[in-house]
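These are the residues of each chain, in order.
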Amino acid sequence: MDQLILSKDLHWEKVAICEKVFLLKKANENNAHGLFANKNFKKGDKMFQFKAKNIVSKPTYLTVQIDDNKHFSLDPDFLQYMNHSCDPNVFLNSKDLTLTALKSINKGDELSFFYPSSEWDMEQPFICNCGALQCHRYIAGAHAIKSEVLEKYTLNEYIKRKLSESR
Ligand SMILES: [Zn+2]
């Protein structure tokens, strides 16, 4: 990964950059953060390899769930700024620790993933305003979404196992 670089422009504060993705911190009243593509990707591309660190038994709003009592933090840290969407363009694969493009992504597009693809019962549910037609509005983890809806998404092994156990 390239060295982290700090820079600023009129609307966005670029707080981290690497070869393939970069993080922009939007300087608006919402103080919104996002992660954006720094190049074009095709559907199915492995976009980025990350690491898991600090496996803990209690989740926070920044951890990724891999088992009932196992949650890890993302390394590099800036991946935590990737937002949720109910129509995601990225799959965060907690098994091979990659970000995979779920559709073609253009340079400059915001990257988003579907939080319930790894989280069964989220510590901090929220109201989603992603704007997708299929937006679920209340995001509280996979347990709160009908299984036939959930199965249309790319899901991590842990969520697939929970789904089969809940039948
Ligand atoms: Zn949504």
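This report concerns the structure included in the present document. In this text, all values refer to a predicted model and were calculated from it rather than measured experimentally. (Residues numbered from 1 in each chain as written. Predicted model: local features only at pLDDT ≥ 70, side-chain atom pairs only at ≥ 80, totals over all residues.)

### Description of the overall build of the protein
Worth spelling out the cut-off: Where helices and strands are cited, they refer to DSSP runs of H or I of at least four residues and of E of at least two residues respectively, numbered from the N terminus. Once C-beta atoms are placed from the backbone, each residue is buried if 20 or more other C-beta atoms lie within 10 Å of its own, exposed if 12 or fewer, and partly exposed for counts between those two. We call two residues in contact whenever the C-beta atoms placed from their backbones are within 7 Å.
In terms of regular secondary structure, the protein is built from two helices and 14 strands. Relative to its 167 residues, the protein shows a buried fraction of 29%. The contacts of the protein with a sequence gap of at least 6 include a subset with a gap of at least 24, amounting to 53%.

### Side note on the pairing of strand E10 (residues 90–93)
Operational definition: For two strands to be treated as a pair, DSSP must find no fewer than two bridges joining them.
Where E10 and strand E11 (residues 98–101) come together, four bridges link them in antiparallel fashion. Each bridged residue has a counterpart across the sheet, and for Val90 the counterpart in E11 is Ala101. Linking two consecutive strands that pair antiparallel, namely E10 and E11, is a turn of four residues; a positive phi of about 55° is found at Leu97 within it.

### With respect to the sheet that holds E11
Applied cut-off: Only the contacting stretch of a helix is used when fitting its axis, a line to C-alpha atoms as for every element, and angles between N-to-C directions run 0 to 180 degrees.
The three strands lie next to each other as E5-E11-E10, forming an open sheet whose pairing is antiparallel. Two strands lie at the open edges of the sheet, namely strand E5 (46–49) and E10, each paired on one side alone. When the angles between neighbouring strand axes are averaged without regard to direction, this sheet yields 20°. Alignment of E5 against E11, held across three bridges, turns out to be antiparallel. Opposite Gln49, over in E11, you have Thr98 as the bridge partner.

### Examining unusual backbone geometry
Note the cis peptide between Asp75 and Pro76, where omega equals 10°. Positive phi outside glycine occurs at Asn54, with the angle close to 50°. When you line up the elements, Asn54 lands in strand E6 (residues 51–56). Non-glycine residue Arg137 carries a positive phi angle of around 65°. Looking at the element boundaries, Arg137 is found in the loop between strand E13 (126–127) and strand E14 (138–139).

### What about the sheet that holds E6?
Hydrogen bonding along the main chain pairs the strands of a sheet, whether they run parallel or antiparallel. Spatially, the three strands line up as an open sheet ordered E6-E8-E7, and their pairing is antiparallel. Looking at strand neighbours, the two that pair on one side only are E6 and strand E7 (64–67), the edges of this open sheet. Across the sheet, the mean angle separating the axes of adjacent strands is 40° when strand polarity is ignored. Judged from the three bridges that link them, E7 and strand E8 (residues 70–75) form a sheet pairing that is antiparallel. The residue bridging Asp67 from the neighbouring strand is Lys70, located in E8.

### Describing the nonpolar core
The nonpolar side chains of a soluble globular protein tend to be buried with one another. Heads up, the rule is: To count as a nonpolar core, a set of buried Ala, Val, Leu, Ile, Met, Phe, Trp, Tyr and Cys residues must be joined through C-beta atoms within 7 Å.
Membership of the largest hydrophobic core comes to 26 residues, with the highest contact counts inside it found for Val21, Met47, Val90 and Phe113. Breaking this core down by element, the ones donating at least two residues are strand E3 (21–26), strand E4 (33–37), E5, E8, E10, E11 and strand E12 (110–113). Judged by nonpolar contacts, the second largest core, of six residues, contains Trp120, Ala142, Ile145 and Tyr158.

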